[in-house]
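If you want the building blocks of each chain, they are given just below.
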Amino acid sequence: MRPFFFGVAMPRRTFIAMLLELAALALTGLAYLPGLHGGFLFDDYANLPALGANGPVRHWDIFWRYITSGHADPTGRPLAMLSFLLDARDWPAPPFPFKRTNLLLHLLNGGLLALLLARLGRLAGYAQSTAWRADLAAVLGSTLWLLHPLFVSTTLYIVQREAMLPATFTLLGLLLWLRGRELMLHGGSLGGSVWILAGLGGCTVLATLSKANGILLPVLALTLECTSLGAASSTTAPLPELEQTSRRHYRLVAALPILPVGAAVATYLVYAGWLGMAEGITSTRPWTIGQRLLTEPRILLRYLDLLWLPRPFTPGVFNDQIKASTSLLQPLTTLPAAVAITGLIIAGWLLRRMYPALALAILFYFVGQSIESTTIPLELYFEHRNYLPTMPMFWPLALWLCGARLRQLRPNPQPRPITTFRLPHLPEIAAHYRGMSKAVLALLIVGGLFLMTHAQASLWGNSRDQALLWARLNPDSPRAQAYAAQAEMSTGRPQDAIIRLQVALARNPDEAQIALNLLAAKCQLGHIDEATFGYAKRALEESRDIGGLLASWFGRMIEQSNHPTCPEMNLDGIERLLQAAIGNASLMSIPGRRQDLYSLLGQVELARDLPVRTLALFNQALDQRINASTAFQQAALLGSHGHAAEALSHLDHYAAVRQKEVKPDSGMPRLNAWVLDRQHYWDRELMRLRTTLTQDLQRRASPHP
């Protein structure tokens, strides 16, 4: 009698596999449970505040402004931003709901992966004689992926939902494509075409709107076709005419999304490489495109090391300690790494018929890394880049552990002649013990991964311990040392922070984030010596672009200047540091940084209650990169300090130069600008502010009753 699941009869082996998969999902949830109580990190603060940038997202106007406000990728990742509304509609918000949703998404991806591997096992021929073993291997392969500790830094880093959603839509797209493929190869042309186009077309769009690497879905389908599916379909016998026609129809329909997308991705990567070499890249990167290409094989081998030799604690989110390769021999590991990666790719291609699952694991991984690990000038290293490419990586191991084999590729050997010395049933006994030893090994691997993931998740649930351990694992990372020092200062241990930062500053004297945190630690003790001020000035004069740290750190210092923790961090001290940053040619070559610096100087003058000088600096800041947001913020700041006349003058200045404002010309920023224009958002906001300022000015001018 067949077991029933929600009233649906199913084969016993499928029912058992489903129960095992549910157990794997529960085990994964248990492993991740301690990490759900951690806090926000780094890029969370750069992306999630958009939830409240225009007020709570409670009506359509604000919704459209929010959903088009993304600035990562040309698409802005709107589906990822949409998903954050499941957890909060305003900012600030608690982190727990975001982490809970990430975990549920990870579990969903694990379940979809098990379905995909089970389907591939059948289509590739692993289920011809050992169907239950193929299903068991699918569950085990997905469990090894689910429980791998390397993916804790993706699942519990809230903003990396942007890396998880493309994986969800990729898995859905591949499942839909396989369904359509099967229908078309059995003569169902119309229905199969719909499934294929929905999978490789519709899901590709959804995956790409989550993150740009989602566009690889059709190319990943081609990878499956050339490995696991290609091995099953290869035959020397002639096909019937009807089947030949079905195959031709299938190839034609599948080529519609695969060929254009594959050609577009390849063309863009080549163009990005040529453009980076011909015109250079952003000044924020301390390497060239050529150096990046030399470095990435080393990075990929480091990823593979973490994947196949897992450990409970990984370097985490820090990558600034990685030194780019400057030639094939500098460092010495560059050339061997390039040879190793090239050899793996060639081996994957050559083994695609004899060992299709192994070939799939290799080629799927490198295709999945092709956008983020080649010519696009992203940062060199991030653990979350392995989330999607590794999905079938542990399937070959699972197939071996479960004893699933390709029947047509591994024919039974000829029986050996029986001799008088042969023990009865010895092959059966040996096979039995091999099976038991593999089962024990599988349980040990799963148990080990569970313990490591639980330890890693526990670390993610304790921000202070996490910061200190990451600093120990990344001794050469300025970001890791600065983050650990902030944790030490927040727990009342500035002396420990000072020791840490002094060591880090000796290694990296041009790192502004270290020097500024050293100032803060010394100030927490009540006094900043002149040498420390000198270190900070030097770092600000020599540092590369430090992004939002500049405005956020100085903004906090200016706010606290009326009651500084130490006497040296007064307005004069802050101005000295800002003038040092203005002397940095690298920073001043970036319009956004020039705007930040002049605006910060204006805030210093505003704190001194010098509105005329503030107005001049605010006007100068606005001229660096004319936009309504900056004009509004600076005018509102003047008005909040009781200088309505100067605030109105600043708005007049914006009105005079507004025609020079450069609108975004492509991607989501352009769509966002269109939404704002269509809603007359800035016109209304500026008019409202102007009205408030005028009324305030009139109220101050009128005699008191």
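All of these numbers come straight from a predicted model, not from anything done at the bench.

As for the overall build of the protein
Thinking step 1. Looking only at helices and strands, one finds 31 helices and 2 strands in the protein.
Thinking step 2. Its C-alpha atoms give the protein a radius of gyration of 30 Å, near enough to 27 Å, the size a compact globule of 705 residues would have.
Thinking step 3. Projected onto the principal axes, the alpha-carbon positions of the protein cover approximately 115 × 55 × 55 Å.
Thinking step 4. In the protein, which comprises 705 residues, the proportion classed as buried is 50%.
Thinking step 5. The long-range fraction of contacts in the protein, counting pairs at least 24 apart against all pairs at least 6 apart in sequence, stands at 76%.
Thinking step 6. Carbon and sulfur atoms make up 63% of the accessible area of the protein, which totals about 33000 Å².
Thinking step 7. Counting 62 positive and 48 negative side-chain charges, the protein places the averaged centre of each group 12 Å from the other.

A few points about the packing of aromatic side chains
Thinking step 1. Going through the model one piece at a time under the given rule, you end up with 24 aromatic pairs.
Thinking step 2. A ring pair is formed by Phe63 and Trp64, whose centres lie 5.1 Å apart and whose planes are at 75°; its orientation type is edge-to-face.
Thinking step 3. Using a relative accessible area of 42% as the deciding quantity, one classes Trp64 as partly exposed.
Thinking step 4. An aromatic cluster of three or more residues is present, and its members are Phe42, Tyr157, Phe318, Trp460, Trp470 and Tyr483.

Quick look at the pattern of salt bridges
Thinking step 1. The final tally for this structure, using the stated rule, is 29 salt bridges.
Thinking step 2. Linking Arg613 and Glu605 is a salt bridge whose minimum nitrogen-to-oxygen distance equals 3.4 Å.
Thinking step 3. Look at the salt bridges and you will find they share partners, linking Asp572, Glu575, Glu605, Arg608 and Arg613 into a network.

A short note on the packing of helix H26 (residues 591-607) against helix H28 (residues 628-640)
Thinking step 1. Where H26 contacts H28, the axes come no closer than 11 Å and their chain directions differ by 10°. Considering their axes alone, H26 and H28 lie roughly parallel with respect to each other. Across the interface between the two elements, Gln595, Ser599, Gln603 and Leu606 from H26 touch Thr630, Gln634, Leu637 and Leu638 from H28.
Thinking step 2. Across the contact of H26 with H28, the residue classes tally to 3 nonpolar, 5 polar and no charged.

Topic: the environment of Leu525
Thinking step 1. Take Leu525: it is sitting in the loop between helix H21 (512-524) and helix H22 (530-542).
Thinking step 2. Given the relative accessible area of 47%, Leu525 is considered partly exposed.
Thinking step 3. In the structure, Leu525 is positioned 490 residues away from Gly35 in sequence and 33 Å away in space, judged by C-alpha atoms.

What to know about helix H5 (residues 96-124)
Thinking step 1. Across its 29 residues, H5 extends 41 Å between first and last C-alpha, which sits within 8% of the 42 Å expected from 1.5 Å per residue.
Thinking step 2. Across the 29 residues of H5, 21 count as buried, placing the element largely inside the fold.
Thinking step 3. At the C-terminal side of H5, Gly125 shows a positive phi close to 105°.

A short note on the environment of Thr342
Thinking step 1. Along the chain, Thr342 turns up in helix H14 (residues 334-350).
Thinking step 2. Among the polar contacts listed, one links the side chain of Thr342 to the backbone oxygen of Ala338, at a separation of 2.8 Å.

Digging into the nonpolar core
Thinking step 1. Grouped together as the largest cluster of nonpolar side chains are 106 residues, with contacts concentrated most on Leu120, Trp177 and Trp395.
Thinking step 2. Residues within four places of Leu120 in sequence aside, it is in contact with Leu178, Leu224, Leu229, Leu360 and Trp395.
Thinking step 3. Grouped together as the second largest cluster of nonpolar side chains are 43 residues, Ala515, Leu516, Phe533 and Ala536 included.

Details of unusual backbone geometry
Thinking step 1. Of note, the amide linkage connecting Trp91 to Pro92 takes the cis form, showing an omega dihedral of 5°.
Thinking step 2. In this structure, Pro92 sits in the loop between helix H4 (78-84) and H5.
Thinking step 3. With an omega dihedral of 0°, the bond running from Gln330 to Pro331 counts as a cis peptide bond.
Thinking step 4. Mapping Pro331 onto the fold places it in the loop between helix H13 (289-308) and H14.
Thinking step 5. Unusually for a residue other than glycine, Phe42 sits at a positive phi of about 30°.
Thinking step 6. Locating Phe42 in the fold gives a position in the loop between helix H1 (12-32) and helix H2 (43-47).

Considering the confidence of the model for the protein
Thinking step 1. Confidence in the prediction of the protein, expressed as mean pLDDT, is 89, and 92% of residues score 70 or more.
Thinking step 2. Below pLDDT 50 for its whole length, residues 235-239 participates in 2 contacts with residues either more than four positions away or in separate chains.
Thinking step 3. Segment residues 408-413 is flagged for pLDDT under 50; beyond a separation of four residues in sequence, or across chains, it makes 11 contacts in the model.

Looking at a nonpolar patch on the surface
Thinking step 1. A grouping of Leu328, Leu329, Leu332, Leu335 and Val339 is seen on the molecular surface, where their side chains present a nonpolar patch of about 490 Å² in accessible area.
Thinking step 2. Take Leu335: it is sitting in helix H14.
Thinking step 3. Judged by relative accessible area, which is 35%, Leu335 ranks as partly exposed.

Quick notes on the side chain of Asn102
Thinking step 1. Within the secondary structure layout, Asn102 lies in helix H5.
Thinking step 2. Setting aside chain neighbours within four positions, we find Asn102 in contact with Thr154, Thr155, Tyr157, Ile158, Arg161 and Met164.

Describing helix H24 (residues 571-582)
Thinking step 1. In this model H24 runs 16 Å from its N-terminal to its C-terminal C-alpha over 12 residues, within 8% of the 16 Å that 1.5 Å per residue would give.
Thinking step 2. Those residues of H24 lying buried are Leu571, Gly573, Ile574, Leu577, Leu578, Ala580 and Ala581.
Thinking step 3. Between the side-chain oxygen of the N-cap and the backbone nitrogen of Asp572 there are 3.2 Å, and the N-cap of H24 in question is Asn570.

So, the packing of helix H9 (residues 189-208) against helix H10 (residues 217-226)
Thinking step 1. Contact geometry of H9 with H10 gives a least axis separation of 9 Å together with a crossing angle of 145°. Residues Gly199, Leu200, Cys203 and Thr204 of H9 form the contact with H10, whose participating residues are Leu217, Pro218 and Ala221.
Thinking step 2. Grouping the constituent residues of the contact of H9 with H10 by class yields 5 nonpolar, 2 polar and no charged.

Here's the deal with the side chain of Glu296
Thinking step 1. Relative to the helices and strands, Glu296 is located in helix H13.
Thinking step 2. Judged by relative accessible area, which is 2%, Glu296 ranks as buried.

Description of the environment of Glu575
Thinking step 1. Secondary-structure assignment places Glu575 in helix H24.
Thinking step 2. Residues Glu575 and Leu600, 25 residues apart in the sequence, show an inter-C-alpha distance of 8.9 Å.

Conventions used here
- Residues numbered from 1 in each chain as written.
- Predicted model: local features only at pLDDT ≥ 70, side-chain atom pairs only at ≥ 80, totals over all residues.
- Heavy atoms only, no water.
- Helix = DSSP H or I, 4+ residues; strand = E, 2+ residues; numbered from the N terminus.
- Rg over C-alpha atoms; globule rule 2.2 N^0.38 Å.
- Buried < 20%, exposed > 50% of the residue type's maximum accessible area, 1.4 Å probe, protein only.
- Contact = heavy atoms within 4.5 Å.
- Areas by Shrake-Rupley, 256 points an atom, 1.4 Å probe, with all protein chains shown as cover.
- Lys, Arg positive; Asp, Glu negative; His and termini not counted.
- Charge placed at Lys NZ, Arg CZ, Asp CG, Glu CD.
- Phe/Tyr/Trp six-rings, centres within 6.5 Å; stacked < 30°, edge-to-face > 60°.
- Salt bridge = Lys/Arg side-chain N within 4 Å of Asp/Glu carboxyl O.
- Axes fitted to C-alpha atoms, helices over the stretch in contact; angles between N-to-C directions.
- Parallel < 35°, antiparallel > 145°, perpendicular 65-115°, else oblique.
- Nonpolar A, V, L, I, M, F, W, Y, C, P; charged D, E, K, R; others polar.
- Expected span 1.5 Å × (residues − 1).
- Polar contact = N/O pair within 3.5 Å; in protein donor to acceptor, adjacent residues only side chain to side chain.
- Core = buried A, V, L, I, M, F, W, Y, C linked by side-chain atoms within 4.5 Å.
- pLDDT = per-residue confidence, 0-100.
- Patch = residues over 30% accessible without salt bridge, like charges linked within 9 Å, V, L, I, M, F, W, Y side chains within 5 Å.

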